[in-house]
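Coordinates in review
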Amino acid sequence: MKAVVFDKYGSLENLRIEEVPKPEPKSDEVRIKVHAASLNSADLQLIRGKLSSRVIAGLLKPGKVIPGIDVAGMVDAMGPDAIGCQWGQEVYADLSEYGYGGFAEYVCVPKSAIAMKPKNLSYVESSAVPMAATAAFQGLVDHGSMLSYRSAMIIGASGGVGHFAVQIAKNYDLQVTAVTRTENVDFVKSLGADYVIASDQVDHMNKRDHYELIFDTIADISARKYRKMLTRDGKYVACAFSPSAVLQSPIGGILSNKRIVTFGLHPDMDDLATIRNMIEKGNVRPRIDKVFSIEDSIEALRYLADRKAQGKVVINMES
Ligand SMILES: NC(=O)c1ccc[n+]([C@@H]2O[C@H](COP(=O)([O-])OP(=O)(O)OC[C@H]3O[C@@H](n4cnc5c(N)ncnc54)[C@H](OP(=O)(O)O)[C@@H]3O)[C@@H](O)[C@H]2O)c1
């Protein structure tokens, strides 16, 4: 089968498209014929050899690694213990805890990693959902206590995670202030945000004691500054890695009820089912910026690295 591989950390130049053996499912695994795979920042971190990613692929030097976290496709083979799975099931999955491998024509994953894909989405659209939407959902609901608030500020609202965060917050009837760059204002308005601030033109940090929940997918400004913008019982949730949030997090609740939170998502089938429900009701929809073929997947990763995408970038294995 065709796959995107690398065996040296560093730059995207180390990637190549190769013919590799088609994987066989272990006893509790299913094999997915991948129809589409979406790109995530975590793929770039793996390829570049960020320390936290080396746990997956090897501390000093990776083996031959296939990146790719988010896939949508069809179950085409099963191990004997993959009970309940059937040939032809249309599924999507987040492979971040299962060794990646999605940028290939086939991938094997534990049956517990798959969920039925939304009926009203194509494979290309479905592949855009798992990691980004789960990060938005878990960040807002589990870590951000969104259900106890009425308003939220979402920073980096046009990105993979951010564009789901806006829609998920609106699904729960929050008033959403979205922060984005000027070129993405119209896109973010189209997601349903109530207010959109172009942060390259207007200071989005000029309000004190104002926001109940701030969800930050960029985290390039100190969490301490965002803390001032929170209401008395407000929460700041850093989705992107934020050293200042990590430092502030333990002391956040001592001086006041304002909290600073960081989190790492865990793939969760129940959360994917909840997200599927929102999608099938028409309240949430992935936005696809660009679709590439597997032959052009290195160019696709370069495009993601340039941070120009509105929503998600996808590799369509069928094209
Ligand atoms: N905690 C977790 O478990 C978890 C899970 C998934 C992802 N993440 C992290 O969340 C972050 C966002 O991920 P993502 O997949 O949404 O990334 P993405 O699709 O690349 O989006 C990032 C967004 O950042 C904004 N941005 C800020 N400064 C920028 C600049 N100088 N140039 C270009 N864009 C800039 C842009 O949005 P605007 O134009 O709207 O500002 C851009 O769309 C990443 O750091 C990722 O590692 C964390």
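All values derive from a computational prediction rather than experimental measurement.

Glancing now at the pairing of strand E5 (residues 90-94). Here E5 lies mainly inside the structure; four of its five residues are buried. Strand direction decides the pairing type here: strand E4 (residues 70-78) and E5, joined by five bridges, are antiparallel. Each residue of the ladder has a partner; that of Met74, found in E5, is Glu90. Bridging between E5 and strand E7 (residues 114-116) involves three bridges; their strand directions are antiparallel. Each bridged residue has a counterpart across the sheet, and for Val91 the counterpart in E7 is Met116.

Near the ligand you find 25 residues, and of these Gly159, Gly160, Thr180, Ala240 and Arg307 are the closest. Secondary-structure elements contributing two or more residues to the shell around the ligand are helix H1 (41-48), helix H4 (130-143) and helix H5 (160-171). Each residue belonging to the shell around the ligand can be placed in one class, and the counts come to twelve nonpolar, eleven polar and two charged. Two domains share the shell around the ligand, each providing at least three of its residues, namely domain 1 (2-129 + 286-316) and domain 2 (132-262).

This part is about H4. One full turn of an α-helix is made of 3.6 residues, so residues set three or four places apart face in the same direction. By the criterion of burial, H4 is predominantly enclosed, with eleven of the 14 residues buried. Turning to H4, its buried residues are Pro130, Met131, Ala132, Ala133, Thr134, Ala135, Ala136, Phe137, Gln138, Gly139 and Leu140. One or two steps after H4, the chain reaches Ser145, where phi turns positive at roughly 50 degrees.

This next bit is on H5. Counted at 1.5 Å a residue, the expected span for H5 with its twelve residues is 16 Å, and the 17 Å between its end C-alpha atoms agrees. Restricting attention to buried positions, one finds in H5 the residues Gly160, Val161, Gly162, His163, Phe164, Ala165, Val166, Gln167, Ile168 and Ala169.

What follows concerns the domain arrangement of the protein. Per the domain assignment, the segments of the protein are domain 1 (2-129 + 286-316) and domain 2 (132-262). The C-alpha centroid of domain 2 is placed 28 Å from the C-alpha centroid of domain 1. Across the boundary between the two partners, domain 1 contributes eight residues, which contact eight residues of domain 2. Here the side of domain 1 that touches domain 2 is built from residues that sort into two nonpolar, three polar and three charged.

Further remarks concern the packing of H4 against helix H10 (residues 269-280). Any two packed helices are characterised by how steeply their axes cross, that is the angle between the axes, and by the distance between the axes. For the pair H4 and H10, the least separation of the axes is 10 Å and the interaxial angle reads 95 degrees. Looking at the two axes, H4 sits roughly perpendicular to H10. Facing H4, whose interface residues are Pro130, Ala133, Thr134, Phe137 and Gln138, H10 presents Asp271, Leu272, Thr274 and Ile275. Classifying every residue of the contact of H4 with H10 by side-chain character gives five nonpolar, three polar and one charged.

What counts, and at which threshold
- Residues numbered from 1 in each chain as written.
- Predicted model: local features only at pLDDT ≥ 70, side-chain atom pairs only at ≥ 80, totals over all residues.
- Buried ≥ 20, exposed ≤ 12 C-beta atoms within 10 Å, placed from the backbone.
- Helix = DSSP H or I, 4+ residues; strand = E, 2+ residues; numbered from the N terminus.
- Pairing = 2+ DSSP bridges.
- Near = placed C-beta within 6 Å.
- Nonpolar A, V, L, I, M, F, W, Y, C, P; charged D, E, K, R; others polar.
- Domains from an automatic or database assignment.
- Expected span 1.5 Å × (residues − 1).
- Contact = placed C-beta atoms within 7 Å.
- Axes fitted to C-alpha atoms, helices over the stretch in contact; angles between N-to-C directions.
- Parallel < 35°, antiparallel > 145°, perpendicular 65-115°, else oblique.

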